[in-house]
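Take a look at the letters that make up each chain.
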Amino acid sequence: MTEKKFVKKIQTSGPSLKNLFLFTALIFFSFFGIDYVYGHGFGSETFPPVELDGRLVTLEVSSSQNNPETNDDQQISISLIDFNSKSTLRDVTFLITSERGETFLFEQEFQADHGFIVFNFVSEDTDPIIIDDDNNSDDFFGSLLGLESRMVHVIGPKLSEGGLYKFDISVLTVDGYSKKLDKPLVFNAGISIAQTSKYSIIDPNFGEQNINIISYYDEILDFEYNSNSKEIGFSMPFEWSQSNINQTSVVHEELQISKDFGDLLVSGFTIYVNGIELSKDVVNIDDFISHERIVHFIIYQKELLNIFQSNPSTDKMDFIIKPDRDYSHLSSVTENGQFRILVSWEPENLKSNSNVKILFDVTDIFLKNRPIAATYDFSITQNNRVIFEQSGTSTDSKEEHNTAEFFIPEDISGIVYLNFKNLDDNHLAATEIPIVINRITQNNSISIPDWIRNNALWWSEQQIDDNTFIQGIEYLINNNIIVIPQTQQESSESQEIPDWIRNNAGWWADGSIDDSSFVQGLEFLIKQGILQIKN
């Protein structure tokens, strides 16, 4: 069972108008009968300049909290600016349509004497959403820039909790409310205010743990953690259309994991979205915070297009994050940020009253994680009891590992710590990695009959038809090997089975991917209605 909480985080930086916030987006734009400019998914956006009456103008959209010490209100400002002088324009009429995620908020005209308008999003249980115009309120942007801005309060459920706020903005007048533009300027913006979803889980080996997901795009839903496979799963709303992908430069998500959670201190993760494996460069692991690691995954347009082309028929992103099978060792960075320790062991499942070999590498982060020769003190402890200790000098070889061999006493079980101290005679160069003796596994393993594996191979080679293959899948469901409630099938019409699942079937049949990965792909297809199953 998991418990979910929400926290907000705003991406901010320095004081000038041009650099108010961390991200500045220059996004693709084109000219039609109306001037359109697009952008999506950042904490602030500055759009490419467009021509207006012989001068260049641009639109800036930025986010902030109203007053973080007193309330959680979120503010988003919109300003029309002379591109060369960087001054705001006067007497601007905006026609603005706004949504938060997929929830419609308002469509309304607003006049801004100084070309600058601030929307203050307030969370209250109101129905319908209230638009309250207040020209006398103080706001972060106006006070910072010395401008009298127009403040508009937008009041409704969960409006200050973060997520993706969409704005379709038409500029109708400039330099006078009576001076209507012959051709309105139209901007499509999406501002992301980071939202942290906190989940508490009970792991059979590491006890109570917290996994936080920080979304810079939209709300996190359907969180799950599988302690056997060490997989994290969740979903997030996403409009899979060519136009939305064109407007979305990046989808950025983060995982926050305690360094006490040894199973997730792996050196690498593999990420799937809607059953499609993403490239390795999507993932970046930050181990430089003392008590936690942060796993960033940044999905650019190229990856989004690949997912869309493989499976366009859904309205969300289904994420699976799992330890990378190519990197079986654990990883930790010393307190001084200089050394990274990579650890593995033999045998894989450690038992009391048996021998074990610990293999480890000492690498220098400043030398691009190259193995180095450095003195070290190594020990294995449990509850302040020293089980084993060894000192020496690490090898700088890329082919050889440092080893420590010892016997695990009969009375040692549960979490033990691998301690590395005094690397290169520096008392700040220290770290610890928790591992488990006598691992507890939950009884939810997947066992698939060989005849289904044969069917999968023949189907991948197109030696049998789809119906014969689906009969095997129906067997898996009827025998509770795959559990798909009838209500989860999201379409009543079967669709063409994508090539990637045929490839997966062949890889699974020859042992290239495991049962769990193959079943995940099937579950996704069934939930989406691409495979229609009778059960």
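Definitions and cut-offs
- Numbers given to residues run from 1 along each chain, matching the order in which its sequence is written.
- Given that this is a predicted model, residues contribute local features only at a pLDDT of at least 70 and side-chain atom pairs are listed and counted only at 80 or more, while totals for whole chains, interfaces and linings are drawn from all residues.
- In computing side-chain values, all of the structure's heavy atoms are included and hydrogens and water are not.
- Under the DSSP-based scheme used, a helix requires at least four consecutive residues in state H or I and a strand at least two consecutive residues in state E, with every element numbered from the N terminus.
- We call a residue buried when its accessible area falls under 20% of the maximum for its residue type, exposed when it is over 50%, and partly exposed in between, using a 1.4 Å probe and counting protein chains only.
- In this description, contact between two residues means that some pair of their heavy atoms is separated by no more than 4.5 Å.
- Using a 1.4 Å probe, accessible areas were evaluated by the Shrake-Rupley method; residue-level cover was limited to the displayed protein chains.
- Any carboxyl oxygen of Asp or Glu within 4 Å of a side-chain nitrogen of Lys or Arg constitutes a salt bridge here.
- By convention, a stacked pair of Phe, Tyr or Trp rings (six-membered ring in the case of Trp) has centres within 6.5 Å and planes under 30 degrees apart, an edge-to-face pair has planes over 60 apart, and any other such pair is tilted.
- Two conditions define a charge sitting above a ring: the NZ of Lys or the CZ of Arg must be within 6 Å of the ring centre, and it must be within 35 degrees of the ring normal.
- Only strands joined by at least two bridges in the DSSP assignment are considered to pair.
- In this description, a line fitted to the C-alpha atoms serves as the axis of each element, helices being fitted only across the stretch in contact, and the angle between N-to-C directions of two axes falls anywhere from 0 to 180 degrees.
- Here the word oblique covers every angle except those under 35 degrees (roughly parallel), over 145 (roughly antiparallel) and from 65 to 115 (roughly perpendicular).
- A clockwise turn of the near helix away from the far one marks a right-handed crossing, whereas an anticlockwise turn of less than a right angle marks a left-handed crossing.
- Residues grouped as a nonpolar core are buried Ala, Val, Leu, Ile, Met, Phe, Trp, Tyr and Cys residues, joined through side-chain atoms within 4.5 Å.

Draft legend 1. View of the overall build of the protein. For the protein, the helix and strand inventory stands at 7 helices and 32 strands. The buried share of the protein, taken over its 535 residues, is 54%. If you take every contact in the protein between residues at least 6 apart in sequence, the share linking residues at least 24 apart comes to 64%. When the accessible surface of the protein is summed, it comes to about 24800 Å², and 45% of that surface belongs to carbon and sulfur atoms.

Draft legend 2. Quick peek at the pattern of salt bridges. If you walk through the whole model with that rule in mind, you get 11 salt bridges. In this structure, aspartate 324 engages lysine 280 in a salt bridge whose closest nitrogen and oxygen atoms are separated by 2.8 Å. Here aspartate 324 is found in the loop between β23 (316-323) and β24 (330-333), whereas its partner lysine 280 is found in the loop between β20 (276-277) and β21 (283-286), with 44 residues between them in sequence. Note on aspartate 324: relative accessible area 4%, which makes it buried. Among the residues examined, lysine 280 registers a relative accessible area of 43% and is labelled partly exposed. Note that aspartate 318 and lysine 316 form a salt bridge whose closest N and O atoms lie 3.9 Å from each other.

Draft legend 3. Molecular detail of the packing of aromatic side chains. Scanning the entire structure with this criterion turns up 21 aromatic pairs. Note on phenylalanine 297 and phenylalanine 319: the rings are 5.8 Å apart at their centroids and 55 degrees apart in plane angle, and the pair reads as tilted. Taken together, the residues phenylalanine 297 in strand β22 (residues 292-300) and phenylalanine 319 in strand β23 connect sequence positions 22 residues apart. Comparing phenylalanine 297 with phenylalanine 319, the two get one shared label, buried. The structure contains a cluster of three or more aromatic residues connected by ring pairs, namely Phe106, Phe110, Phe119, Phe121, Tyr165 and Phe167. Its end group placed over the ring of phenylalanine 83, lysine 86 keeps NZ or CZ at 4.8 Å from the ring centre. Lying across the ring of tryptophan 459, arginine 502 places its NZ or CZ 4.3 Å from the centre.

Draft legend 4. Focus on the sheet that holds strand β16 (residues 221-226). The 5 strands are arranged β16-β17-β23-β19-β20 in an open sheet whose pairing can be described as antiparallel. Only two strands of the sheet have a single neighbouring strand rather than two, namely β16 and β20.

Draft legend 5. Summary view of the packing of helix α4 (residues 450-460) against helix α6 (residues 499-509). In contact at an axis separation of 8 Å, α4 and α6 are set at 130 degrees when each is read in the N-to-C sense. It follows that α4 is oblique to α6 by the angle criterion. Crossing handedness for the pair α4 and α6: left-handed. Of the residues in α6, those in contact with Ile452, Arg453, Ala456, Leu457, Trp459 and Ser460 of α4 are Ile501, Arg502, Ala505, Gly506, Trp508 and Ala509.

Draft legend 6. Structural context of the pairing of strand β8 (residues 92-100). The element β8 is extensively covered by neighbouring structure, given that 7 of its 9 residues are classed as buried. Hairpin geometry of β8 and strand β9 (residues 103-112) is characterised by an intervening segment of 2 residues between the two adjacent antiparallel strands and by a positive phi of about 65 degrees at glycine 101. Sheet topology places β8 next to strand β13 (residues 163-173); 8 bridges connect them, and they run antiparallel. Residue threonine 93 lies in a different strand from β13, and its bridge partner there is threonine 173.

Draft legend 7. Structural context of the nonpolar core. Ranked by internal contacts, the top residues of the largest apolar core, which has 92 residues, are Phe319 and Ile358. Looking at which element gives the most residues to this core, the answer is helix α7 (residues 515-527), with 6 residues. The residues contacting isoleucine 358, other than those within four sequence positions of it, are Val343, Ser344, Trp345, Phe378, Ile380, Asn402, Thr403, Ala404, Phe406 and Leu418. Membership of the second largest hydrophobic core comes to 34 residues, among which are Val50, Leu80, Phe106 and Leu181.

Draft legend 8. Here's a closer look at the pairing of β21. Judged by which residues are buried, β21 turns out to be one-sided: Val283 and Ile285 face inward and are buried, whereas Asn284 and Asp286, on the alternate face, are not. With 4 bridges joining them, β21 and β22 adopt antiparallel strand pairing. Note on β22: the bridge partner recorded for isoleucine 285 is valine 295. Where β21 hands over to β22, the hairpin turn is made up of 5 residues, counted between the paired strands.

Draft legend 9. Representation of the sheet that holds strand β28 (residues 375-382). Here 4 strands make up an open sheet; going across it, the order is β29-β28-β31-β32 and the pairing antiparallel. Only two strands of the sheet have a single partner each, and these edge strands are β29 (385-393) and β32 (431-437). Going from strand to strand, the sheet's axes swing by 20 degrees on average, the running direction of each strand aside. Across 8 bridges, the pairing between β28 and β29 is antiparallel. In the sheet register, glutamine 382 faces β29, and the bridge partner there is arginine 385.

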